[in-house]
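# Examining the three-dimensional arrangement
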Amino acid sequence: MPRLSLLFWTLAAVVGSVAVWWLSSYLDTLTTLAQTDRAAALALFRTRAMPALLVVVGVAVAAGAMLLRQGLQIARAEPEGRLLGRIMAAAGFLLAAAPLALISVVFWLLARA
């Protein structure tokens, strides 16, 4: 089971990194377009960039949840690993919560636009 978790974590990191790189380059293109046609850039962001952004958030939440779960398991099972387990759980929580908070802000801003 630990090897499967490590494989999942590595796969999530690789897929997330590639998705973030692609999304970053696409957002640069949309930023350039927004200087001349704001409405077109906003429409493209909603239809093309937003789904990719949701995938990135989904990968981060899944990876964070997995790390949180494993950290809690370590903290409960091994007395000498309690500190490490708590650190892993905190890192997993932040990894899952931060993208959710940021995507909420993006949705709020899009609703106002």
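Rules used throughout
- Residues numbered from 1 in each chain as written.
- Predicted model: local features only at pLDDT ≥ 70, side-chain atom pairs only at ≥ 80, totals over all residues.
- Heavy atoms only, no water.
- Helix = DSSP H or I, 4+ residues; strand = E, 2+ residues; numbered from the N terminus.
- Buried < 20%, exposed > 50% of the residue type's maximum accessible area, 1.4 Å probe, protein only.
- Contact = heavy atoms within 4.5 Å.
- Areas by Shrake-Rupley, 256 points an atom, 1.4 Å probe, with all protein chains shown as cover.
- Patch = residues over 30% accessible without salt bridge, like charges linked within 9 Å, V, L, I, M, F, W, Y side chains within 5 Å.
- Salt bridge = Lys/Arg side-chain N within 4 Å of Asp/Glu carboxyl O.
- Core = buried A, V, L, I, M, F, W, Y, C linked by side-chain atoms within 4.5 Å.
- Phe/Tyr/Trp six-rings, centres within 6.5 Å; stacked < 30°, edge-to-face > 60°.
- Axes fitted to C-alpha atoms, helices over the stretch in contact; angles between N-to-C directions.
- Parallel < 35°, antiparallel > 145°, perpendicular 65-115°, else oblique.
- Left-handed = near helix turned anticlockwise from the far one by under 90°.
- Nonpolar A, V, L, I, M, F, W, Y, C, P; charged D, E, K, R; others polar.
- Expected span 1.5 Å × (residues − 1).

### What about the overall build of the protein chain?
Within the protein chain one finds 3 helices and 0 strands. Within the span of the protein chain, comprising 113 residues, buried residues form 27% of the whole. Sequence separation of at least 24 residues holds for 61% of the intrachain contacts in the protein chain that already meet a minimum separation of 6. For the protein chain, the computed accessible surface area is about 7,700 Å², with 72% contributed by carbon and sulfur atoms.

### Points about a nonpolar patch on the surface
Where nonpolar side chains cluster on the molecular surface, the patch consists of V105, W108 and L109 and spans about 310 Å² of accessible area. Mapped onto the elements of the fold, V105 is located in helix α3 (residues 82–112). Since its relative accessible area comes to 43%, V105 is described here as partly exposed.

### Quick notes on the nonpolar core
Within the largest apolar cluster, 11 residues are counted, these being L23, Y26, L30, F45, A49, M50, A52, L53, V57, I103 and L110. Mapped by element, the contributors of at least two residues to this core are α1 (2–34), α2 (38–77) and α3. With 6 residues, α2 is the single largest residue contributor to this core. Ignoring sequence-local partners within four residues, the contact set of L53 consists of L23, F45, I103 and V106.

### Details of the packing of aromatic side chains
Centre-to-centre distance and the angle between the planes together describe a pair of aromatic rings. One pass over the full model with this rule turns up 1 aromatic pair. Ring geometry for W22 versus Y26: centroids 5.4 Å apart, planes at 10°, classification stacked. Note that W22 and Y26 are positioned in helix α1 at a spacing of 4 residues, about one turn of the helix. Classification of Y26 as buried rests on a relative accessible area of 16%.

### Regarding the packing of α1 against α2
Each pair of packed helices gets described by two things: the angle between the helix axes and the distance between those axes. Where α1 contacts α2, the two axes come as close as 9 Å, and the packing angle between them is 160°. When the axes of α1 and α2 are compared, the pair comes out roughly antiparallel. For the pair α1 and α2, the crossing hand works out as left-handed. Looking at side-chain class alone, the contact of α1 with α2 contains 25 nonpolar, 4 polar and 2 charged residues.

### Quick notes on α1
If you check α1, its first and last C-alpha atoms are 46 Å apart, about what 33 residues at 1.5 Å a residue would give, namely 48 Å. For α1, the full list of buried residues reads S5, A12, G16, L23, Y26 and L30.

### A look at α3
Taking 1.5 Å of rise per residue, 31 residues should cover 45 Å, and α3 covers 45 Å from first to last C-alpha, within 8% of that figure. Among the residues of α3, G85, M88, A89, G92, A96, P99, I103 and L110 are the ones counted as buried. Of the surrounding secondary structure, the elements contacted by the buried residues of α3 are α2.

On their own, these measurements won't tell you what the molecule is for.
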